[in-house]
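The chain contents come next:
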Amino acid sequence: MRTSRSLLLGAAAIAFLAPPLSASEGAMEYRQHTMAAVGGHTTALFDILTGKVGHTGHLAAHAEALKAMSGIAGTLFPEGSEGGDALPGIWEEAEDFAERLSAFEAAAGNLSDVVSAGGEVMPAAMELGQACKGCHDNYRAE
């Protein structure tokens, strides 16, 4: 208990003493963390679907998480948050980028619906993968 308390106090001191991020740096880092979560859920989903792991009971949790994350994806790219692996085209071609985000949201919603209904998941997962690729090909530095 004493060690946990010391670790917590140490982490709080480091956070307090660390220089604050600018709003744009904070927005960029938040976006990166959120999109990493999307990637993690997508990878886990495909690990299940390809038989790499047997956690078929987890499909709904990953599908629901992807649906939720797709619903906030459009808020992750405010003006002034440029940088990281987000390419400038996101802001220069905002209408096209918004359409691609809508495709991601629709595919994630469809995936969640298919999993909930007990339908054929792989085609819906592939649709989600194509929606992700649609943004990554044009708007993400790999």
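Each value, and the rule that gives it
- Residues numbered from 1 in each chain as written.
- Predicted model: local features only at pLDDT ≥ 70, side-chain atom pairs only at ≥ 80, totals over all residues.
- Heavy atoms only, no water.
- Helix = DSSP H or I, 4+ residues; strand = E, 2+ residues; numbered from the N terminus.
- Buried < 20%, exposed > 50% of the residue type's maximum accessible area, 1.4 Å probe, protein only.
- Areas by Shrake-Rupley, 256 points an atom, 1.4 Å probe, with all protein chains shown as cover.
- Salt bridge = Lys/Arg side-chain N within 4 Å of Asp/Glu carboxyl O.
- Expected span 1.5 Å × (residues − 1).
- Arc of directions from axis to C-beta.
- Contact = heavy atoms within 4.5 Å.
- Core = buried A, V, L, I, M, F, W, Y, C linked by side-chain atoms within 4.5 Å.

K.L.:
I'd like to hear about the overall build of the protein, residue by residue, with values.
P.N.:
Each helix and strand counted, the protein has six helices and zero strands in total. Beginning at the N terminus, the succession of helices and strands in the protein can be written as α-α-α-α-α-α. Scored against the burial criterion, the 142 residues of the protein give a buried share of 30%. For the protein, the accessible area works out to roughly 8700 Å², and carbon and sulfur atoms hold 61% of it.

K.L.:
Lay out the pattern of salt bridges with the relevant residues and their values.
P.N.:
Under the counting rule described, the total for this entry stands at five salt bridges. Of the charged contacts in the structure, one is a salt bridge between Asp-96 and Arg-100, with a shortest N-O distance of 2.8 Å. Taken as a pair, Asp-96 and Arg-100 lie in helix H5 (residues 94-117) at a separation of four residues, close to a single helical turn. In this structure, Arg-140 engages Glu-142 in a salt bridge whose closest nitrogen and oxygen atoms are separated by 3.8 Å.

K.L.:
If you had to explain helix H6 (residues 121-139) to someone new, which residues and values would you point to?
P.N.:
In a regular helix each residue adds 1.5 Å, so 19 residues correspond to 27 Å; H6 covers 27 Å between its end C-alpha atoms and thus fits that length. Taken together, the buried positions of H6 are Val-121, Ala-124, Ala-125, Leu-128, Ala-131, Cys-132, Gly-134, Cys-135 and Tyr-139. Each buried residue of H6 sits inside an arc of 165° when the element is viewed along its axis, so together they form one side.

K.L.:
Talk me through the side chain of Ser-81; I want residue IDs and the actual numbers.
P.N.:
Within the fold, Ser-81 resides in the loop between helix H3 (59-72) and helix H4 (89-92). For Ser-81, a relative accessible area of 0% puts it in the buried group. Residues in contact with Ser-81, not counting those within four places in the same chain, are Ser-24, Ala-27, Met-28, Arg-31, Leu-76 and Trp-91.

K.L.:
Mind laying out the environment of Ala-131, listing which residues take part and the relevant values?
P.N.:
Tracing the chain through its elements places Ala-131 in helix H6. For Ala-131, a relative accessible area of 11% puts it in the buried group. Here the alpha-carbon distance between Ala-131 and Glu-105, two residues 26 residues apart in the chain, equals 8.6 Å. Residue contacts for Ala-131: discarding those within four places in its chain leaves Ala-103, Phe-104 and Ala-107.

K.L.:
Please give an account of the nonpolar core that cites residues and values.
P.N.:
Among the nonpolar cores identified, the biggest contains 30 residues, and Phe-77, Ile-90, Phe-97, Phe-104, Leu-111, Val-115 and Leu-128 are the most heavily contacted of them. Of all the secondary-structure elements, those providing two or more residues to this core are helix H2 (23-49), H3, H4, H5 and H6. Filtering out sequence-adjacent residues up to four positions away, Leu-111 remains in contact with Leu-45, Ala-63, Leu-66, Val-121, Ala-124, Ala-125 and Leu-128.

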